[in-house]
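Residue-level structure breakdown
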Amino acid sequence: MDKTYYNPDDLKKFGDIAEFQPELAEKFFDYYGSVFKEGALTEREKSLIALAVSHAVQCPYCIDAYTKDSLQKGVDEEQMMEAVHVAAAIRGGASLVHGVQMMNKVKEVTM
Amino acid sequence: MIKSLQARQEPLAKSEAQVAWLENEGGGERFSSKLQDCGLYPLRATGVTVLQVNLGKMCNQVCKHCHVDAGPDRKEIMTKETMQQCLDVLASTDIPVVDLTGGAPEMNPHFRWFVEEISALGRKVMVRCNLTIILANPKYHDLPEFFKKHQVEVVSSLPAVTALRTDAQRGKGVFDKSIKALQMLNAVGYGQEGTGLKLNLVYNPSGAFMSGSQEALEKEFKSRLSSRFDIIFNQLYAITNLPVSRFLEFLVESGNYDAYMDGLIEAFNPAAAEGVMCRNTISVGWDGYLYDCDFNQMLDLKVAVKNGVHIKDYNAIALNEREIVLGQHCYGCTAGAGSSCGGQTA
Ligand code: SF4
Ligand code: SF4
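A quick note: this is a predicted structure, and the numbers were derived from the prediction, not measured.

1. Looking at the environment of B:Val284
Residue and element names in this part refer to chain B. Position of valine 284 among the secondary structure elements: in strand β7 (residues 281–284). Sequence separation between valine 284 and valine 161 is 123 residues; the distance between their C-alpha atoms is 32 Å. Every residue in contact with valine 284, bar those within four places of it in the chain, is listed here: Leu51, Gln52, Val53, Asn54, Met78, Cys86, Tyr289, Leu290, Gln297 and Ile311.

Structure follows, in structure tokens:
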């Protein structure tokens, strides 16, 4: 079998992180559960944000989990892809806006 | 158009093969022992308030998830004689609701006569209308008027408010036709306040995943259908796909079977188990045989009543408190908020 850093089955074992540090894990999972409950934003909106962020942080576990979660919440393909584009636009924009910093520096040190 | 499993001679077209797969292939705790743990075994009926009659496997669509394996190539339909036997049972009992399903029940040549006779007995009629049938042939164009005349409650499937998701599950062009049919139903008063004409939608996930919150999905469907297509409806029923027939075949073929079953088992909810629909339903097959539900019907698991497994031998006393026949597929009814022909149960 190929050895890889990521194993899809590990997603199911997320809760096992409590094995090495139960107290912090419990706090985290409590918090996590509360974050995704319906509040000022709907669960559906939160799922789409999570999907976009998953792509920004490029976490394969999160992409797997929130693709399925979005589908369960009735999100369609077009909406999911638009969320990914939002992540891509912010990432791209975040690089590009630093271009201004580069330009500032160039102008500072050149004649 | 794809064909039914039966026409493709797929092994899973046979109910025995499906039962064997469900009982042997998946690991996981037996459904009956799960019920035992929460004090619900043996599971018994609590009476019969719904007679669900399957008028046949013939359908104008061939949806990928269909648990009936219905399609245009299926010729099994209920005879007028069997319908009369159903009417006799209704006349001798006080079952208040008759739920007509199929296939496309409207394709049965005696459909309208049957609806008229049930109405004449003063019972409420529900029809599981696939929407596209209304546009399939000019002879069906007046169905909305016919439904209205008999105050039939219309229950129709729509898995998404987009063509891509809907057509992937139900066939090319189904979304556009469904929208047109919903507008026709709205036009005669269905879904409109004050008319009493109920139009309910069924949401089945179009893949190997469970449904999200029924309430949230209903909100979403209402807002998108109304803003995009000016369509209104009463309620949305979120239903879990049970691993039966074509949906079972899809799960197996796509390699999703184990994960899907694990998900259902993990989401087992005792409150949903208590409210499963078989406890107040009798399902009648196209040939008059009796089952605890439409799923058991497709798996050919007849009611556990001695000498009373056919509508002509309907034994109200025995059926009202019969023990339900269970299998691993039942996990589909008890996952999360539960699932029934009327949506969530818990
Ligand atoms: S799901 Fe309904 S509409 Fe689709 S093929 Fe089956 S019976 Fe016909
Ligand atoms: S599949 Fe049928 S018998 Fe099993 S729990 Fe669901 S309704 Fe009852």
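2. Considering the site of ligand 2
Residue and element names in this part refer to chain B. Taken together, Leu242, Val276, Met277, Cys278, Cys293, Asn296, Ile324, Val325, His329, Cys330 and Cys333 make up the full set of residues near ligand 2. Put simply, ligand 2 lies in the second largest cavity. Tallied by class, the residues present in the shell around ligand 2 amount to nine nonpolar, two polar and no charged.

3. Considerations on the site of ligand 1
Every residue close to ligand 1 is listed here: B:Cys59, B:Gln61, B:Val62, B:Cys63, B:Cys66, B:Ala70, B:Gly103, B:Asn130, B:Arg170 and B:Arg246. Looking at the shell around ligand 1, its residues break down into five nonpolar, three polar and two charged.

4. Remarks on the pattern of salt bridges
Tallying each qualifying case throughout the model produces 22 salt bridges over all chains. The salt bridge partner of B:Glu10 is B:Arg8, with a shortest N-O separation of 3.9 Å. The shortest N-O distance in the salt bridge between B:Arg30 and B:Glu23 comes to 3.0 Å. On the accessibility criterion, B:Arg30 (30% relative accessible area) is partly exposed. Looking at B:Glu23, the relative accessible area reads 26%, which means it is partly exposed. Several salt bridges share partner residues, and in doing so they unite A:Arg44, A:Asp76, B:Glu220 and B:Arg224 into one network.

5. Side note on the pairing of strand β5 (residues 199–203) of chain B
All names here are of chain B. β5 sits mainly inside the fold: five of its five residues count as buried. Burial along β5 is two-sided: the face carrying Leu199, Leu201 and Tyr203 and the face carrying Asn200 and Val202 are both buried. Across four bridges, the pairing between strand β4 (residues 153–157) and β5 is parallel. Looking at β5, one finds that serine 156 is bridged to leucine 201. Relative to strand β6 (residues 236–238), β5 is paired through three bridges, and the arrangement is parallel. If you follow leucine 201 over to β6, its bridge partner there is leucine 236.

6. Overview of helix α11 (residues 257–266) of chain B
Those residues of α11(B) that sit buried are B:Tyr257, B:Tyr260, B:Met261, B:Gly263, B:Leu264 and B:Ile265. Those residues of α11(B) that are buried are in contact with α1 (15–24), α2 (31–37), α10 (245–253) and α15 (331–334) of chain B.

7. A short note on the interface of chain A and chain B
One frequent convention defines the size of an interface as the accessible area lost when the parts assemble. Facing 10 residues of chain A, the contacting portion of chain B comprises 13 residues. Note on chain A versus chain B: buried area summed over both sides is about 1000 Å², and carbon and sulfur give 49% of it. Where chain A touches chain B, the interface holds three salt bridges. Summed over the shared surface of chain A and chain B, the result is four residue pairs in polar contact (both at pLDDT 80 or more). Here the side of chain A that touches chain B takes three residues from helix α3 (residues 60–72) of chain A, the largest share from any one element. The class makeup of the residues in the side of chain A that touches chain B is one nonpolar, three polar and six charged.

8. Quick word on the sheet that holds strand β8 (residues 290–291) of chain B
All names here are of chain B. On the basis of which strands lie adjacent, the open sheet formed by eight strands has the order β6-β5-β4-β3-β2-β1-β7-β8 and mixed pairing. Two strands lie at the open edges of the sheet, namely β6 and β8, each paired on one side alone. In the sheet, β7 pairs with β8 via two bridges, with the strands oriented antiparallel. Looking across to β8, one finds that serine 283 is bridged to tyrosine 291.

9. Concerning the domain arrangement of chain A
All names here are of chain A. Segmentation of chain A into domains returns domain 1 (9–38) and domain 2 (42–111). Taking the mean C-alpha position of each, domain 1 and domain 2 sit 24 Å from one another. Carbon and sulfur atoms supply 59% of the area that domain 1 and domain 2 bury against each other, a total of about 690 Å² over both sides. A per-residue breakdown of the area domain 1 buries against domain 2 is headed by Leu11, Phe36 and Glu38, which together make up 71% of the total. Remark: the boundary between domain 1 and domain 2 carries zero salt bridges. On inspection of domain 1 and its partner domain 2, the count reaches three residue pairs in polar contact (both at pLDDT 80 or more). Of the residues in the side of domain 1 that touches domain 2, the class split is four nonpolar, no polar and three charged.

Calculation criteria
Residues numbered from 1 in each chain as written. Chains lettered and ligands numbered in written order. Predicted model: local features only at pLDDT ≥ 70, side-chain atom pairs only at ≥ 80, totals over all residues. Heavy atoms only, no water. Helix = DSSP H or I, 4+ residues; strand = E, 2+ residues; numbered from the N terminus. Contact = heavy atoms within 4.5 Å. Near = heavy atom within 4 Å. 1 Å grid on protein atoms, 1.4 Å probe; cavity = no way out; pocket = protein on both sides within 12 Å on 5 of 7 lines; lining within 4 Å. Sits in = over half its atoms within 2 Å of the grid points. Nonpolar A, V, L, I, M, F, W, Y, C, P; charged D, E, K, R; others polar. Salt bridge = Lys/Arg side-chain N within 4 Å of Asp/Glu carboxyl O. Buried < 20%, exposed > 50% of the residue type's maximum accessible area, 1.4 Å probe, protein only. Pairing = 2+ DSSP bridges. Buried area = accessible area lost by both parts, 1.4 Å probe. Polar contact = N/O pair within 3.5 Å; in protein donor to acceptor, adjacent residues only side chain to side chain. Domains from an automatic or database assignment.

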